[in-house]
Amino acid sequence: MTNQNFLPFALPEIGEEEIAEVVSSLRSGWVTTGPKAKQFESDFVEYLGGGLEAVAVNSATAGLHLGLEAMGIGPGDEVITTTHTFTATAEIIRYLGADPVFVDVDANTLCIDVDAVEAAITPRTKAIIPVHFAGRSADMDRLLAMAKKHDLRVMEDAAHSLPTTCSGKMIGTLDSDVTVFSFYANKTITTGEGGMLVTRDPEIAKRARVMRLHGINRDAFDRFTAKAPSWYYEIVAPGFKYNMTDIAASMGIHQLKKANAFQQKRAHIAALYDEALADLPIVKPPQSAEGDIHSWHLYVIQLDDSVAITRDQFVERMFAQGIGCSVHYIPLHLHPYWRDTYKLTPEMFPVSQRIYERTLSLPLYTRMTDDDVKRVVSAVKEALK
Ligand SMILES: *Cc1c(COP(=O)(O)O)cnc(C)c1O
C-alpha cells in the first residue's frame, strides 16, 4: 500500500471513459493496432487543427527514431541537440549510427540556445532536435529561420508540450519536418506508454508507417479494406515494432479530449506556486512568451545563490516531509556514455550545469488539490529554513 501521507511527484488522471473504452477494446477482440489507433490519429490531427498526418507509436522514443530514419539520417551525419534533456532525445541519433552534437540551453527558456546551434553547424550537420523544456516552447521562429538558411531538417521533441503554443501556433503545426509527442505515464496526457509522430510531409508519414511495423508495405489497418487476400504482404525494409495498440489508443482518445482542461488545471497550479513562492529565495520557472500557452508539464524551481543548502539536501528535506520531487535533468554531458563517447565536460555547458546543480521539479499534476499545493509550499518554506 502507498503511504497515505506521501504526496507523489506525478500521478496520471484516468477516468471512467478511458476504462470503458479499454474494456470495449478488450471485448471486441481487436487488442493490437486497429480502429482505435486509427481514430486516435485522426482525433489528434483534428485537435492540432488539421493539415497534418499523425502516426501513432508505442513511445515518443520510437517516434523520434522513426522521424530521423525517415529523414535519411545515417552514419557520418551530425544532429544538433540540447544536453539538457532526457537521454531518449539523443539515443535515437545513435540508433542510426549518426552523432549527436550537444549544445547548451538559453538561461531564459531552458530550451536549446539558437546561437549555440548555429555555431555548432559543420558540413556534416543534417538536423536539429529542439526540446520544449517543461512545456515552454523553444524559440522556434529563430530556430526554423536559421535551419532554413542552412538547409537543415528540424524534428521537435514535443514530449513535454501538449498543448503548447509558439507565437500563437500549436506545437505540432509549425514548419518543422517532424514533431513527436509522448504519452508516457507522467506526461500531460497518457496512454501508459505511447507517442505520436506528426508531420506535414507525406513521404515522411509514409516511411514512418512502413517502418513502424516491420517494413511491411501496408498497414494492419488495410485488413479492413484490402482487396488482396489478407495473408499477403511485402517487406520493403528492415523495419521496427513500434505500433500503438488499440488498448493504449483507447486511453489516448479520451485523454486527448481532456487535454485542454488538464492544461488549465496545470496552469492554475503553476499560478498558485508562482504567487506562494514569490517572496522566497527561489528563481521561478521560465514563463511562456506573452500570449502563448505553456503546457506546464513540469514546475522547475531554482534555488537562489543565497540559499545555503545544496539542491540534494533540499530534495531530502522535501522527501522527509512526504513530498516527492524530481530533477530535470541530469544533463547528458554528465552521463558516462555521453560524456566518455563525445568527450564532454561541464565547462562546455555552463548554463545547463548551473541549472542542474540548483534546480528541482515540484509536484504538478491535475489531481492535486489547492490544499496539496499549500502543503508543498509549506514544505518548501520549512526546507529553506
Ligand atoms: C519522456 C521523454 C521522452 C521519451 O518519451 P517516451 O514516450 O517515454 O519514449 C523523450 N524526450 C523527452 C524530453 C521526454 O521527457
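Only a predicted model underlies this, so the values are computations on that prediction, with no experimental measurement involved. (Residues numbered from 1 in each chain as written. Predicted model: local features only at pLDDT ≥ 70, side-chain atom pairs only at ≥ 80, totals over all residues. Heavy atoms only, no water.)

*Asks:* Even after reading the chapter, I still don't get the packing of helix H9 (residues 259-276) against helix H13 (residues 370-384), so can you show me in this structure?
*Replies:* Interaxial distance between H9 and H13 falls to 10 Å at its minimum, and their mutual angle equals 35 degrees. H13 is crossed by H9, and the crossing has right-handed handedness. Residues His268, Ile269, Leu272, Tyr273 and Ala276 of H9 form the contact with H13, whose own contacting residues are Asp370, Val373, Val376, Val377 and Lys381. The residue makeup of the contact of H9 with H13, split by class, is seven nonpolar, one polar and two charged. (Axes fitted to C-alpha atoms, helices over the stretch in contact; angles between N-to-C directions. Helix = DSSP H or I, 4+ residues; strand = E, 2+ residues; numbered from the N terminus. Left-handed = near helix turned anticlockwise from the far one by under 90°. Contact = heavy atoms within 4.5 Å. Nonpolar A, V, L, I, M, F, W, Y, C, P; charged D, E, K, R; others polar.)

*Asks:* I tried to follow the packing of aromatic side chains on my own but got confused; where do I start?
*Replies:* By convention here, two paired aromatic rings are described through the distance between centres and the angle between planes. Summed over all chains, the structure comprises 15 aromatic pairs. Measuring from ring centre to ring centre gives 6.0 Å for Phe40 and Phe44, while their planes differ by 85 degrees; the resulting arrangement is edge-to-face. Separated by four residues within a single helix, Phe40 and Phe44 lie in helix H2 (residues 35-48), roughly one turn from each other. Classification of Phe44 by relative accessible area gives buried; the value is 0%. Ring centres of Phe86 and Tyr329 lie 6.4 Å apart, and the angle between their planes is 40 degrees; on these two criteria the pair is classed as tilted. Residue Phe86 is located in the loop between strand E2 (78-82) and helix H4 (88-95), and its partner Tyr329 is located in the loop between helix H10 (311-320) and helix H11 (336-341); the two are separated by 243 residues in the primary sequence. For Tyr329, a relative accessible area of 11% puts it in the buried group. Residue placement shows Arg311 over the ring face of Tyr356; its charged tip is 4.8 Å from the ring centre. (Phe/Tyr/Trp six-rings, centres within 6.5 Å; stacked < 30°, edge-to-face > 60°. Buried < 20%, exposed > 50% of the residue type's maximum accessible area, 1.4 Å probe, protein only. Lys NZ or Arg CZ within 6 Å of the ring centre and 35° of its normal.)

*Asks:* Honestly, the side chain of Asp99 in this entry has me stumped. Any pointers?
*Replies:* When you line up the elements, Asp99 lands in strand E3 (residues 99-103). Within the structure, the side chain of Asp99 is placed 2.7 Å from the side chain of Tyr342, a separation counted as a polar contact. Once you skip the residues sitting within four places of it in the chain, Asp99 turns out to touch Asp77, Glu78, Val79, Ile93, Arg94, Arg124 and Tyr342. (Polar contact = N/O pair within 3.5 Å; in protein donor to acceptor, adjacent residues only side chain to side chain.)

*Asks:* I would appreciate a short explanation of the environment of Leu364 in the present structure.
*Replies:* The residue Leu364 is located in the loop between strand E12 (359-362) and H13 in this model. Once the C-alpha coordinates of Leu364 and Ile216 are considered, the two residues, 148 residues apart in sequence, prove to be 41 Å apart. Aside from chain neighbours lying at most four places away, what touches Leu364 is Phe9, Arg266, Ile269, Trp296, His297, Leu298 and Tyr299.

*Asks:* Got a minute to help me understand the UniProt feature "active site" (unreviewed entry) in the protein chain in this structure?
*Replies:* Per the UniProt record, "active site" (unreviewed entry) is annotated on Lys187. Examined against the element boundaries, Lys187 turns out to sit in the loop between strand E8 (178-182) and strand E9 (195-199). Residues within four places of Lys187 in sequence aside, it is in contact with Ala159, His160, Ser182, Arg266 and His297. (UniProt positions renumbered as here; feature names shortened; annotations may be inferred.)

*Asks:* What am I meant to see in the sheet that holds E3 here?
*Replies:* Whether parallel or antiparallel, the strands of a sheet pair through hydrogen bonds between backbone atoms. Judged by pairing direction, the sheet is mixed, and its seven strands sit side by side in the order E1-E9-E8-E5-E4-E2-E3 without closing on themselves. Every interior strand has two partners, whereas the edge strands, strand E1 (53-57) and E3, have only one. Neighbour-to-neighbour, the strand axes of the sheet open up by a mean angle of 25 degrees, direction not taken into account. By the bridge criterion, five bridges tie E1 to E9 in an arrangement that is antiparallel. Following the sheet pairing, Ala56 is matched in E9 by Met196. Taken strand by strand, H4 contacts E2, E3, strand E4 (125-129) and strand E5 (153-157), and its axis lies near 150 degrees from that of E3. Relative to E5, helix H6 (residues 140-149) is tilted by about 150 degrees, and along the sheet it contacts E4 and E5. (Pairing = 2+ DSSP bridges.)

*Asks:* Help me understand the pattern of salt bridges, please; the structure alone is not making it clear to me.
*Replies:* Side chains that differ in charge, positive against negative, can pair when their charged atoms come close. Under the defined criterion, the tally for this structure stands at 18 salt bridges. Measuring nitrogen to oxygen at the nearest pair gives 2.8 Å for the salt bridge that ties Asp312 to Arg311. Its relative accessible area of 45% is what places Asp312 among the partly exposed residues. Where salt bridges share partners, they join Glu41, Glu53, Arg209 and Arg212 into one cluster. (Salt bridge = Lys/Arg side-chain N within 4 Å of Asp/Glu carboxyl O.)

*Asks:* Would you mind going over the sheet that holds strand E10 (residues 282-283) with me for this structure?
*Replies:* One open sheet holds the three strands; their spatial order is E10-E11-E12, and the pairing between them is antiparallel. At either margin of the open sheet sits one strand with a lone partner, and together these are E10 and E12.

*Asks:* Please explain the site of the ligand as it appears in this structure.
*Replies:* Close contacts around the ligand come from 16 residues, with Thr61, Asp157, His160, Ser182 and Lys187 the closest. Here an oxygen atom of the ligand sits 2.5 Å away from a polar atom, N or O, in the side chain of Thr61. Between the ligand and the protein, one listed contact pairs an oxygen atom with a side-chain N or O atom of Tyr329 at 2.9 Å. When the ligand is considered free in solution it has 380 Å² of accessible area, and contact with the protein chains removes 93% of it. Those elements that place two or more of their residues in the shell around the ligand are helix H3 (60-70) and H4. Residues of the shell around the ligand, tallied by class, amount to seven nonpolar, seven polar and two charged. (Near = heavy atom within 4 Å. Areas by Shrake-Rupley, 256 points an atom, 1.4 Å probe, with all protein chains shown as cover.)

*Asks:* I'm lost on the nonpolar core in this one. Help?
*Replies:* One broad trend across soluble globular proteins is that nonpolar side chains are buried collectively. Judged by nonpolar contacts, the single largest core of 53 residues is most densely connected at Phe40, Phe44, Leu143, Phe181 and Phe183. Of all elements in the fold, only H2, E1, helix H5 (114-120), H6, E9, helix H8 (246-257), H9 and helix H12 (350-358) reach the threshold of two or more residues within this core. The greatest single-element share of this core, amounting to six residues, is contributed by H2. A domain split of this core shows at least three residues from each of domain 1 (16-257) and domain 2 (259-384). Apart from the residues within four sequence positions on either side, Phe40 is in contact with Phe183, Thr191, Met196, Met244, Ala249, Gly252, Ile253 and Leu256. (Core = buried A, V, L, I, M, F, W, Y, C linked by side-chain atoms within 4.5 Å. Domains from an automatic or database assignment.)

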